[in-house]
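Chain and residue survey
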Amino acid sequence: MVRRVRTARGPAPRLLRMLALTLFCSGCGAGDALQRCEISGKVTLAGSPLDAGSIQFMPRDAQSGPGLSGGASIEQGEYSIPRQRGLPPGVYKVMIFAAGSKPAAQAMPGELAAPMEERIPPEFNVNSEQTVTVVHGERNAFDFDIP
């Protein structure tokens, strides 16, 4: 025996379903528990926009928030991290990388190719002391001028 369930018809039930769907999709006030922020900025190398590279943001310490890191590609001197992948408020160490066009060392026959020479000085990546502070509700645009 098959039972049929009757559903209400007409504009009122349809309107209620659409309202419920809208509230569900908008988050209904739940928001982003981490308060992620959009991050953007510009990077110049020797006075010109950095053609290609990457930028990384690492939490400075445990007090800086939930410990999420983030990063983006740098293209024509600009980078951007959308809010959905953004950083929670806190202090972050910044590291910038850009590979050169020649290998850092010669590989021997049969070895993997050597990594490319780094164009960015170590004080902006492996030895970086560069920091930024991400603040919720503010424009988080950080520019870097690398000599």
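Heads up: the structure comes first, above all this text.
Residues numbered from 1 in each chain as written. Predicted model: local features only at pLDDT ≥ 70, side-chain atom pairs only at ≥ 80, totals over all residues. Heavy atoms only, no water.

**Focus: the overall build of the protein**
Definition in use: The way it works is that DSSP assigns letters per residue, a run of H or I at least four long becomes a helix, a run of E at least two long becomes a strand, and they are numbered from the N terminus. Note on classification: 1.4 Å probe, protein chains only; a residue is buried when its accessible area is under 20% of the maximum for its type, exposed when over 50%, partly exposed between these limits. Working definition of accessibility: Shrake-Rupley area with a 1.4 Å probe, residue cover restricted to the visible protein chains.
Helix and strand counts for the protein come out as one helix and 11 strands. Ordering the α and β elements of the protein from the N terminus gives α-β-β-β-β-β-β-β-β-β-β-β. Within the protein, the fraction of its 147 residues that count as buried is 27%. Element-wise, carbon and sulfur atoms account for 55% of the exposed surface of the protein, whose accessible area totals about 10,400 Å².

**Concerning the pattern of salt bridges**
Rule in force here: When a carboxyl oxygen of Asp or Glu is within 4 Å of a side-chain nitrogen of Lys or Arg, the pair counts as a salt bridge.
What the rule picks out here adds up to two salt bridges. Asp51 serves as the salt-bridge partner of Arg119, at 2.7 Å between the closest nitrogen and oxygen. One end of the pair, Arg119, is in the loop between strand E8 (116-118) and strand E9 (131-134); the other, Asp51, is in the loop between strand E2 (48-49) and strand E3 (52-59), and 68 residues separate them in sequence. With relative accessibility at 39%, the residue Asp51 sits in the partly exposed group. Across the salt bridge formed by Glu129 and Arg60, the nearest N and O atoms sit 3.3 Å from each other. With a gap of 69 residues between them, Glu129 in the loop between E8 and E9 and Arg60 in the loop between E3 and strand E4 (70-75) connect regions that are remote in the sequence. Given the relative accessible area of 57%, Glu129 is considered exposed. The exposure class of Arg60 is partly exposed, given its relative accessible area of 38%.

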